[in-house]
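# Chain and residue survey
As a plain string of letters, each chain reads:
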Amino acid sequence: MHEYSLACEIFETVIAIADQNKASAVNSITLEIGRLTHVNPDQLLFCLDVLSGDSIAEGAKVNVNFVSPYGECECGYREDTGVPDNACCDDQQSLYEYALMTCPVCGKLLQLVGGNELIIQTIDIDI
Ligand SMILES: [Zn+2]
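Since the model is a prediction, treat every value here as computed from it, not as a measurement.

## Some points on the packing of helix α1 (residues 2–20) against helix α2 (residues 41–52)
For the pair α1 and α2, the least separation of the axes is 8 Å and the interaxial angle reads 50°. It follows that α1 is oblique to α2 by the angle criterion. Here the hand of the crossing between α1 and α2 comes out right-handed. Note on element contacts: α2 touches α1 through Gln43, Leu44, Cys47, Leu48, Leu51 and Ser52, opposite Glu3, Tyr4, Leu6, Ala7, Cys8, Ile10 and Phe11. Residue composition of the contact of α1 with α2, grouped by class: 10 nonpolar, two polar and one charged.

Here you go:
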């Protein structure tokens, strides 16, 4: 499962950073997830919760910030997709529709740029 392997990577990174800082507990983790990663946040959070049981990250709160891609054209035109960054992950459809939109300046198809991130933004620990 895609989300499980991602959760493992995130968990291992969090524990490694916590160990480096001699943390006694991990309070919260903030993730930045691109809206085109096709990660199901509920499954990801469930996997993280299971993995962190009996570790110093047990019960840590996980915050997720979604990041939208933007449309870009060869001619230099650039447009935000208009999808709010923290909108629910379910409206992928609007992104596909957007991907078929053409540049209002030159008429070429807009390229979707970004939106593939999966970054650990912050980790809040007790030392
Ligand atoms: Zn253009």
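Back to the write-up after that little detour.
## A word on the coordination of the zinc ion
Protein coordination at the zinc ion comes from Cys73 (SG), Cys75 (SG), Cys103 (SG) and Cys106 (SG), with a distance range of 2.2 to 2.3 Å. Given four donor atoms and angles of 97 to 118° at the metal, the environment of the zinc ion is assigned as tetrahedral. Donor residues for the zinc ion sit on one chain with the sequence pattern C-x1-C-x27-C-x2-C. Taken together, the positions of Cys73 in the loop between β3 (70–72) and β4 (78–80) and Cys106 in the loop between α3 (92–99) and β5 (111–113) put the pair 33 residues apart, joining distant regions of the chain.

## Focus on the UniProt feature "binding site: Zn(2+)" (unreviewed entry) in the protein
Under the UniProt annotation, "binding site: Zn(2+)" (unreviewed entry) lies at Cys73, Cys75, Cys103 and Cys106. On the basis of their most widely separated C-alpha atoms, the annotated residues across 34 residues gather in one place, lying no more than 8.7 Å apart. Residue class for Cys75 comes out partly exposed when judged on its relative accessible area of 43%. Among residues more than four places away in sequence, those in contact with Cys75 are Cys103, Val105 and Cys106. One can find Cys103 in the loop between α3 and β5.

## Remarks on unusual backbone geometry
Unlike most non-glycine residues, Lys22 shows phi in positive territory, near 50°. Looking at where Lys22 falls in the secondary structure, it is placed in the loop between α1 and β1 (25–34). Look at Lys22 and you get exposed, because its relative accessible area is 67%. In this structure, His38 is a non-glycine residue whose phi angle is positive, near 60°. Among the secondary structure elements, His38 is positioned in the loop between β1 and α2. In this structure His38 comes out as partly exposed when scored by relative accessible area, which is 46%.

Rules of the game
- Residues numbered from 1 in each chain as written.
- Predicted model: local features only at pLDDT ≥ 70, side-chain atom pairs only at ≥ 80, totals over all residues.
- Heavy atoms only, no water.
- Axes fitted to C-alpha atoms, helices over the stretch in contact; angles between N-to-C directions.
- Helix = DSSP H or I, 4+ residues; strand = E, 2+ residues; numbered from the N terminus.
- Parallel < 35°, antiparallel > 145°, perpendicular 65-115°, else oblique.
- Left-handed = near helix turned anticlockwise from the far one by under 90°.
- Contact = heavy atoms within 4.5 Å.
- Nonpolar A, V, L, I, M, F, W, Y, C, P; charged D, E, K, R; others polar.
- Donors = N, O, S within 2.8 Å, 3.2 Å for Na, K, Ca; no water.
- Tetrahedral: all angles 85-135°; square planar, octahedral: opposite > 155°, others 65-115°.
- UniProt positions renumbered as here; feature names shortened; annotations may be inferred.
- Buried < 20%, exposed > 50% of the residue type's maximum accessible area, 1.4 Å probe, protein only.

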